[in-house]
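Understanding the architecture of this molecule
Below, each chain spelled out in residue letters.
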Amino acid sequence: MINTTILFEIADDVATITLNRPERLNSFTEQMHQELRTALDAVEKPGAARALIITGAGRGFSAGQDLAEAALTGEPKDFDVSSTLERNYNVMLGRLRALPMPVIAAVNGVAAGAAANVALACDIVIAARSASFLQAFAKIALIPDAGGTYSLPHRVGMARAMGLAMLAEPLPAEKAEQWGLIWKCVDDDKLMDEARGLARRMAAGPTQAYALIKRALYAAADNDFETQLAVEVDLQREAGKTEDFREGVKAFLEKRPARFTGR
Ligand code: LHQ
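Below you will find a few notes about this structure. (Residues numbered from 1 in each chain as written. Predicted model: local features only at pLDDT ≥ 70, side-chain atom pairs only at ≥ 80, totals over all residues. Heavy atoms only, no water.)

Thoughts on the overall build of the chain
Regarding its fold elements, the chain presents nine helices and 10 strands. In terms of overall dimensions, the chain is globule-like: its C-alpha atoms have a radius of gyration of 19 Å, near the 18 Å expected for 263 residues. Counting across all 263 residues of the chain, residues that qualify as buried make up 46%. Put simply, 67% of the contacts in the chain that link residues at least 6 apart link residues at least 24 apart. Roughly 13,600 Å² of accessible area belongs to the chain as shown, and the carbon and sulfur atoms make up 58% of that amount. (Helix = DSSP H or I, 4+ residues; strand = E, 2+ residues; numbered from the N terminus. Rg over C-alpha atoms; globule rule 2.2 N^0.38 Å. Buried < 20%, exposed > 50% of the residue type's maximum accessible area, 1.4 Å probe, protein only. Contact = heavy atoms within 4.5 Å. Areas by Shrake-Rupley, 256 points an atom, 1.4 Å probe, with all protein chains shown as cover.)

Here's what the structure looks like:
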């Protein structure tokens, strides 16, 4: 389907995007962003998939923006660094967050710069024990982008967020798990089994409930308690109208596993 700067497939309701420029540590180019848009178009088609995995080919997840790409060379007056954020990263981040299914980042190696924050924008982040998260930006005199200035203080608190952003030192996966930055760190050779297992499990789960859980939890970061209670009322109303809710209750009462369809 798409087989150049990314690999893309959908099997058993699980879509998988593999960033695929291993010789450049899967750093993001304009072409890769274009192919990611095409892949997300396919995932967003109703009924196409019920979970998405994002991972990297080779020894890294991704080194962030391709710093060698033509648009970044030359005199500062000739390019606007923010343009790719607005055209590419931010649109992609919004789409991942809005995707009505769980998105799993399987971080197979270093995730640096914008790529670290793309991974952290996924709903569940699993990392190989040898992987690391590097807010590389300050090394090239930039600030964390792709949502990093939002997700870091929210997830790990201001002290750690500031240290990660200013010192630009790699955070090993185990420490990322201990800090609550990611869901889980697993042995390298177990990473994809673990990610696929989770994705398959969730692809057979209550897809609409997962989508509503995402909406509720992401909204919470910006809401006060009263507002969030109201959000829960609205979203729970929607969850309660799904066939899967009826099936879940019925299965409980009949003491059998639920057979969810995502409807
Ligand atoms: C790369 C890259 C790379 C090109 C490794 N580009 N070639 C948004 C908007 C607009 C502008 C700017 O930025 C942004 C957001 C961002 O993402 S800014 C942050 C960009 N990323 C970085 O600054 C990280 C740069 N890379 C590194 O610091 C290292 O490569 C890390 C620590 C990730 C990995 O180190 P190593 O494991 O030692 O690998 P390596 O450095 O040897 O890289 C392997 C190859 O990949 C190498 O090529 P070569 O021809 O020498 O084998 C690198 O040049 C290339 N590469 N990152 N971002």
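Things to note about the sheet that holds strand E7 (residues 124-128)
An order of E1-E2-E3-E5-E7-E10 is seen for the six strands of this open sheet, with the pairing classed as mixed. One side of each edge strand has no neighbouring strand; the edge strands of this open sheet are strand E1 (6-11) and strand E10 (184-186). Averaged over all adjacent pairs, the angle separating strand axes in this sheet is 20 degrees, with direction ignored. For E7 and E10, the ladder comprises three bridges, and the chain directions are parallel. Across the sheet, Ala127 pairs through a bridge with Cys185, a residue of E10. Against the sheet, helix H1 (residues 30-44) touches E1, strand E2 (14-19) and strand E3 (51-56), its axis set at about 10 degrees to E1. (Pairing = 2+ DSSP bridges. Axes fitted to C-alpha atoms, helices over the stretch in contact; angles between N-to-C directions.)

Concerning the pattern of salt bridges
One pass over the structure, following the stated rule, counts 15 salt bridges. Connected through shared salt-bridge partners, Glu247, Lys250, Glu254 and Arg256 make up one network. (Salt bridge = Lys/Arg side-chain N within 4 Å of Asp/Glu carboxyl O.)

As for the site of the ligand
Neighbouring the ligand are 22 residues, the closest being Arg59, Ala63, Gln65, Leu67 and Ala114. Separating a nitrogen atom of the ligand from a backbone N or O atom of Gln65 is a distance of 2.8 Å. For the ligand, whose free accessible area comes to 1,000 Å², the fraction covered by protein is 67%. Taken together, the residues of the shell around the ligand sort by class into 12 nonpolar, five polar and five charged. (Near = heavy atom within 4 Å. Polar contact = N/O pair within 3.5 Å; in protein donor to acceptor, adjacent residues only side chain to side chain. Nonpolar A, V, L, I, M, F, W, Y, C, P; charged D, E, K, R; others polar.)

What to know about helix H7 (residues 207-220)
With 14 residues, H7 should reach 20 Å at 1.5 Å per residue; the first-to-last C-alpha distance of 20 Å fits that figure. Every buried residue of H7 is listed here: Thr207, Ala211, Leu212, Lys214, Ala216 and Tyr218. Buried residues in H7 make contact with helix H2 (81-98), strand E5 (103-107), helix H8 (225-240) and helix H9 (243-253). (Expected span 1.5 Å × (residues − 1).)

Thoughts on the state of the cysteines
All chains considered together, the criterion is met by zero disulfides. As a non-bridged cysteine, Cys122 has Cys185 as the owner of its nearest cysteine sulfur, 17 Å distant. Given a relative accessible area of 7%, Cys185 falls into the buried group. (Disulfide = S-S within 2.5 Å.)

Things to note about the nonpolar core
With 65 residues, the main nonpolar core has Ile17, Phe28, Leu52, Val107 and Phe133 as its most contacted residues. Apart from the residues within four sequence positions on either side, Val107 is in contact with Phe61, Ala119, Val125, Ile126, Ala127, Ala128, Ala131, Phe133 and Leu191. Formed by five residues, the second largest nonpolar core is a distinct cluster that contains Leu212, Ala216, Val231 and Leu235. (Core = buried A, V, L, I, M, F, W, Y, C linked by side-chain atoms within 4.5 Å.)

Quick notes on the side chain of Gln135
Topologically, Gln135 is positioned in the loop between strand E8 (132-134) and helix H4 (148-167). A distance of 2.8 Å separates polar atoms of two side chains, one belonging to Gln135 and the other to Asn117. Those residues in contact with Gln135 that lie beyond four places of it in its chain are Ala116, Asn117, Leu120, Pro144, Leu152, Leu164, Ala165 and Ala168.

Brief notes about H1
Over its 15 residues, H1 extends 21 Å from the first C-alpha to the last, a length consistent with the 21 Å expected when each residue adds 1.5 Å. Among all positions of H1, only Met32, His33, Glu35, Leu36, Ala39, Leu40, Ala42 and Val43 are buried. The inward-facing, buried residues of H1 abut E1, E2, E3 and H2.

A word on a nonpolar patch on the surface
On the surface, Leu67, Val81, Ile140 and Leu142 cluster together into a nonpolar patch covering about 310 Å² of accessible area. Looking at where Val81 falls in the secondary structure, it is placed in helix H2. (Patch = residues over 30% accessible without salt bridge, like charges linked within 9 Å, V, L, I, M, F, W, Y side chains within 5 Å.)

Quick notes on the sheet that holds E8
Each strand in a sheet pairs with its neighbour through backbone hydrogen bonds, running either in the same direction (parallel) or in the opposite one (antiparallel). Taking strand neighbours across the sheet as the criterion, the four strands line up as E4-E6-E8-E9 in an open arrangement whose pairing is mixed. Lying at the two open borders of the sheet, with one neighbouring strand each, are strand E4 (60-62) and strand E9 (171-172).

Shape is all these values report; function is a separate question.
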